[in-house]
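The residues making up each chain are set out below.
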Amino acid sequence: MTPPDDNGEMLATNAWWNAIDPQLLKQLDDLLCTRRLIQAVVLLRQEGGLQPPPGLYEAQDLLIERRAELDRQGLLEPEPPPPTTAQLIEKADAIAAPILAVEAFWDGDTQGWFVVLVAIVSRPGRHHDRFDEVPLTVLRHGGDIRLFTGQVPPWPEAQQAIEQGQAVARHAGVPFHFTNPEAPDVDLPRWWDTQPS
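Residues numbered from 1 in each chain as written. Predicted model: local features only at pLDDT ≥ 70, side-chain atom pairs only at ≥ 80, totals over all residues. Heavy atoms only, no water.

## As for the environment of Leu 136
Our working definition: Each helix is a run of H or I in the DSSP string that is no shorter than four residues. Each strand is a run of E no shorter than two, and both are numbered from the N terminus.
Along the chain, the position of Leu 136 falls in strand 3 (residues 131-139). Taking C-alpha positions, Leu 136 is 7.2 Å from Ala 92, a pair spaced 44 residues apart along the chain.

Here it is as C-alpha cells:
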C-alpha cells in the first residue's frame, strides 16, 4: 500500500486498481456491494493479476478501502435488519431434533466481535460428540472501532442476544446460556461444557 499523504489520508492505490481488468473490477465491486468481503479478497488474490500479488491483509485493506468508497457513493446494499424474536421462534420451531438449550456465544472476524445465537440439539456435532448447534442468527452492531471510541461496553449485540435468546428458550421450554455477555472472548465454556459426561 502507499504511505499516508500529508493530510494523513491513505492515497488511493490507483496503479493497482488501474492494472485490474475492468470486468474483474466489476466482479469485485459486485461482491463488495453485497457485503461479501472474504469472497472479494479471494478473487483479488487469485484472479487480480497484480504483481507482486497482495498478501492477505494487504488485499483485505485494499478492498475495505474500496468498499468504503462504494459506500460513500451509496452503492452498498443496506445491512439486512436483524430477525425479530417471532422469526427466531419460528426458526427454532422448525428444528426437527430435540432442542436442549438456546445459547449465545462470542465469535469474531477481521471486522470485529459478534454474538452467535444457536439452538443446542441432541445429536453428534462437529464441536461435540453428543450435542450439535443449529444457527438462529448472528448479531453485530458495528466493528471493533467501538472499543476505541468508547461505544462499548456495554455491547448492544449481547443485550439483544440475551433478550431474544431468553424469549426463544422460554418458548422452547429450555435453558438459555451465555457465559459472559460483558466481554467478548472465544475461549469461554459452552453450554455442553456444563453438562455431565
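## Considerations on the sheet that holds strand 1 (residues 99-109)
The line we're drawing: Two strands qualify as a pair provided DSSP detects at least 2 bridges between them. Any two residues whose heavy atoms approach within 4.5 Å are treated as being in contact. Here an angle of 0 to 180 degrees is reported between the N-to-C directions of two axes, which are lines fitted to C-alpha atoms, with helices fitted over the stretch in contact.
One open sheet accounts for four strands, arranged 3-2-1-4; its pairing is mixed. In the strand order of this sheet, the two ends are held by strand 3 and strand 4 (176-177), each with one partner. Relative to the sheet, helix 5 (residues 85-93) contacts strand 1, strand 2 (112-122) and strand 3, its axis offset from that of strand 3 by approximately 160 degrees. Strands strand 1, strand 2, strand 3 and strand 4 of the sheet are contacted by helix 7 (residues 156-172), whose axis makes an angle of about 15 degrees with strand 2.

## A closer look at the pairing of strand 1
One ladder, built from 10 bridges, connects strand 1 with strand 2; its direction is antiparallel. Bridged to Val 102 within strand 2 is Ala 119. Alignment of strand 1 against strand 4, held across two bridges, turns out to be parallel. Across the sheet, residue Glu 103 finds its bridge partner in strand 4, namely His 177.

## Here's the deal with the packing of helix 2 (residues 22-33) against helix 3 (residues 37-47)
Two numbers describe a pair of packed helices, the interaxial angle and the distance between the axes. Note the cut-off: The labels follow the angle: roughly parallel below 35 degrees, roughly antiparallel above 145, roughly perpendicular from 65 to 115, and oblique for the rest. Definitions for this section: a left-handed crossing has its near helix turned counterclockwise from the far helix by less than a right angle. A right-handed crossing has that turn clockwise. In the scheme used here, Gly and all other residues not listed as nonpolar or charged are polar, with Ala, Val, Leu, Ile, Met, Phe, Trp, Tyr, Cys and Pro taken as nonpolar and Asp, Glu, Lys and Arg as charged.
Following both chains from N to C, one finds helix 2 and helix 3 inclined at 165 degrees, their axes separated by 8 Å at the closest point. As summarised for this structure, helix 2 and helix 3 are arranged roughly antiparallel, according to the angle between their axes. The element helix 2 and its partner helix 3 pack so that their crossing is left-handed. Taking contact as the criterion, the partners of Leu 24, Gln 27, Leu 28, Leu 31 and Leu 32 in helix 2 are, on helix 3, Leu 37, Gln 39, Ala 40, Leu 43, Leu 44 and Glu 47. Grouping the amino acids of the contact of helix 2 with helix 3 by side-chain chemistry returns eight nonpolar, two polar and one charged.

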